[in-house]
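One letter stands for each residue in the lines below.
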Amino acid sequence: MPPVHPGEVLKTLFMQPLEIGVKELAGYLDVTPKTISALVNGHQGISVEMALRLSKTFNTSTDVWINMQKDYDLWKAREWVNLDHVHILTRNKNAAHT
């Protein structure tokens, strides 16, 4: 089961209970409404800078936001990145790389 996108968490656990909209939250975070819209709609992730802004605005840990994004990014990468041609590095110089 995939982790929830951090923008969905922001929307459902913070914005909706506080009845705060995209434009209002953008003002609190000192970003554009377009940035918040992209985030809550899953089109953009949470950067380190955004994690700092969110943690201050909502009095949360920065790590919470960073870890949510990390978990989501890792899940997504595992779904899409093909590692079939990636090899384990060995110290044996005679090892074949096929």
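In short, a report on the structure. Bear in mind the structure is a predicted one, so any value in this text is a computation, not a measurement.

Let's talk about the overall build of the protein
Reasoning step 1: Secondary structure summary: the protein contains five helices and zero strands in total.
Reasoning step 2: In sequence order, the secondary structure elements of the protein are arranged as α-α-α-α-α.
Reasoning step 3: In summary, the protein has a C-alpha radius of gyration of 19 Å against a globular reference of 13 Å for 98 residues, an excess of more than 25%.
Reasoning step 4: Relative to its 98 residues, the protein shows a buried fraction of 26%.
Reasoning step 5: Summarising the internal contacts of the protein: among those between residues at least 6 apart in sequence, 45% fall at separations of at least 24.

Regarding the packing of aromatic side chains
Reasoning step 1: Per the stated rule, a full pass over the model turns up three aromatic pairs.
Reasoning step 2: Ring centres of Phe14 and Trp65 lie 5.2 Å apart, and the angle between their planes is 45°; on these two criteria the pair is classed as tilted. Pair noted here: Phe14 is in helix H1 (residues 6–18) and Trp65 is in helix H5 (residues 62–80), with a separation of 51 residues, a long-range link. Just as Phe14 is buried, Trp65 falls in that class too.

Comments concerning the pattern of salt bridges
Reasoning step 1: In total, this model carries three salt bridges according to the counting rule given.
Reasoning step 2: Close ionic contact of Lys11 with Glu8 constitutes a salt bridge, the shortest N to O distance being 3.6 Å. Remark: Glu8 and Lys11 occur in helix H1; sequence separation between them is three residues, near one turn of the helix.
Reasoning step 3: Taking the relative accessible area as the measure of exposure, Glu8 reaches 33% and is therefore partly exposed.
Reasoning step 4: Of the charged contacts in the structure, one is a salt bridge between Lys70 and Asp71, with a shortest N-O distance of 3.2 Å.
Reasoning step 5: Judged by its relative accessible area of 40%, Lys70 is partly exposed.
Reasoning step 6: We classify Asp71 as partly exposed; its relative accessible area is 39%.

Side note on the packing of H1 against helix H3 (residues 33–40)
Each pair of packed helices gets described by two things: the angle between the helix axes and the distance between those axes.
Reasoning step 1: Relative orientation of the contacting elements H1 and H3 amounts to 105°, with a least axis distance of 6 Å. Relative to H3, H1 is oriented roughly perpendicular. Residues Gly7, Glu8, Leu10, Lys11 and Met15 of H1 lie in contact with H3, whose contacting residues are Ile36, Leu39 and Val40.
Reasoning step 2: Grouping the constituent residues of the contact of H1 with H3 by class yields five nonpolar, one polar and two charged.

Structural notes on the nonpolar core
Reasoning step 1: Leu10, Leu25, Ile36, Met50, Leu54 and Trp65 are the most contacted members of the largest nonpolar core, which totals 19 residues.
Reasoning step 2: Counting residues per element, the ones that place at least two in this core are H1, helix H2 (22–29), H3, helix H4 (48–58) and H5.

Cut-offs applied
- Residues numbered from 1 in each chain as written.
- Predicted model: local features only at pLDDT ≥ 70, side-chain atom pairs only at ≥ 80, totals over all residues.
- Heavy atoms only, no water.
- Helix = DSSP H or I, 4+ residues; strand = E, 2+ residues; numbered from the N terminus.
- Rg over C-alpha atoms; globule rule 2.2 N^0.38 Å.
- Buried < 20%, exposed > 50% of the residue type's maximum accessible area, 1.4 Å probe, protein only.
- Contact = heavy atoms within 4.5 Å.
- Phe/Tyr/Trp six-rings, centres within 6.5 Å; stacked < 30°, edge-to-face > 60°.
- Salt bridge = Lys/Arg side-chain N within 4 Å of Asp/Glu carboxyl O.
- Axes fitted to C-alpha atoms, helices over the stretch in contact; angles between N-to-C directions.
- Parallel < 35°, antiparallel > 145°, perpendicular 65-115°, else oblique.
- Nonpolar A, V, L, I, M, F, W, Y, C, P; charged D, E, K, R; others polar.
- Core = buried A, V, L, I, M, F, W, Y, C linked by side-chain atoms within 4.5 Å.

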